[in-house]
Amino acid sequence: LEEGFGVRLSEDAVARVNTLRDLLEEARQAVETMPQESGRLTPEQERWLQPRGALERAIARVLLVVDRWLFRTVFRVRAEGLEHLPEQGPYLMTPNHESYLDPFAISAVMPRPRLHDLHWAGWVGLLFRGPLTRLFSRLFQVLPVDPERGLTSTLALGRAVLERGHPLVWFPEGGRSTDGRLQAFLPGVALLLERTGAPVVPVWIEG
């Protein structure tokens, strides 16, 4: 249901399922409670899309300098194919995902002019759990992706970013690979590309 149709059932809903009829009823209720994909965002989602203030941008710049130094000198990260990045306008970057360090590695090699507008899709269970992680997400324009709220709510946020002209990093596997092999993509990335017409920039991270 989740991979094919974007319908996610909570653990409580799954526990109530004993028959196929129960499953269909829980799926119907889940669909009815999902936000309609009208392009309208919740007030909370709109707040995360507000431009950063001068102080927030200044702090982010300082931390990015540290990130670039650390990953280029200690981790010796290198990038090939940067010439394929669009110089302006929206696009969707779709990296594979093996480590929590992946976003920091990408930030370390991205051209500086594009970092200013770059937005990220981030899992609420990790990046929005407390004041410090929420501050971090605000500084680096990480947007909350909550699978429990359904695919349409998540897509509305990603679509708004692209339609406002910003590049967006979206990990299409939906989670980290534990063995280095590429996992099946969740449907969100394909739907975003289909409904926005934004160009896609595939990214492969290794090492």
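In this text the structure is predicted, and so the values were computed from the model without any measurement.

Asks: So what exactly am I meant to see when it comes to the packing of aromatic side chains here?
Replies: For any two aromatic rings, the description comes down to two numbers: the centre-to-centre distance and the angle of the planes. Across all of its chains, the model carries 5 aromatic pairs by this definition. Aromatic pair Phe 71 and Phe 75: ring centres 4.7 Å apart, planes at 25°, arrangement stacked. Between Phe 104 and Phe 136, the aromatic rings sit 6.1 Å apart at their centres with planes inclined by 50°, giving tilted as the arrangement. Taken together, the residues Phe 104 in helix H6 (residues 102–109) and Phe 136 in helix H9 (residues 131–139) connect sequence positions 32 residues apart. Under the relative-accessibility criterion, Phe 104 is labelled partly exposed at 32%. Overall, Phe 136 belongs to the partly exposed group, its relative accessible area being 29%. Each member of the aromatic cluster is reached from another via a ring pair, and the members are Phe 71, Phe 75, Phe 104, Phe 136 and Phe 140. The residue whose ring lies beneath Arg 176 is Tyr 100, and the NZ or CZ to ring-centre distance is 4.0 Å.

Asks: Quick question: what am I supposed to make of the sheet that holds strand S4 (residues 168–169) here?
Replies: Strand-to-strand pairing in sheets goes through backbone hydrogen bonds, with the strands running parallel or antiparallel. Spatially, 5 strands are ordered S3-S2-S4-S1-S5 in an open sheet, and the strand pairing comes out parallel. What marks the edges here is a single partner per strand, and that holds for strand S3 (142–145) and strand S5 (200–203). Of the strands in this sheet, strand S1 (92–95), S4 and S5 touch helix H11 (residues 188–196), which is tilted by about 160° from S1.

Asks: Hey, could you run me through unusual backbone geometry in this one?
Replies: Of all residues except glycine, most have a negative phi; of all peptide bonds, most are trans. For Arg 76, which is not glycine, the phi torsion reads 55° and is therefore positive. Turning to its location among the elements, Arg 76 is positioned in the loop between helix H5 (54–73) and S1. Of note, Gln 141 is a non-glycine position whose phi angle comes to about 55°, a positive value. Of note, Gln 141 is situated in the loop between H9 and S3. By relative accessible area, which is 12% here, Gln 141 ends up buried.

Asks: Help me understand H9 in this model?
Replies: Each turn of an α-helix holds 3.6 residues, which means side chains three or four residues apart point in the same direction. Taken as a whole, H9 has its buried residues at Ser 137, Arg 138 and Leu 139. Buried residues along H9 sit in contact with helix H4 (43–48), H5, helix H8 (124–127) and S3. Looking one or two residues past H9, Gln 141 carries a phi angle of roughly 55°, positive in sign.

Conventions adopted
Residues numbered from 1 in each chain as written. Predicted model: local features only at pLDDT ≥ 70, side-chain atom pairs only at ≥ 80, totals over all residues. Heavy atoms only, no water. Phe/Tyr/Trp six-rings, centres within 6.5 Å; stacked < 30°, edge-to-face > 60°. Helix = DSSP H or I, 4+ residues; strand = E, 2+ residues; numbered from the N terminus. Buried < 20%, exposed > 50% of the residue type's maximum accessible area, 1.4 Å probe, protein only. Lys NZ or Arg CZ within 6 Å of the ring centre and 35° of its normal. Pairing = 2+ DSSP bridges. Contact = heavy atoms within 4.5 Å. Axes fitted to C-alpha atoms, helices over the stretch in contact; angles between N-to-C directions.

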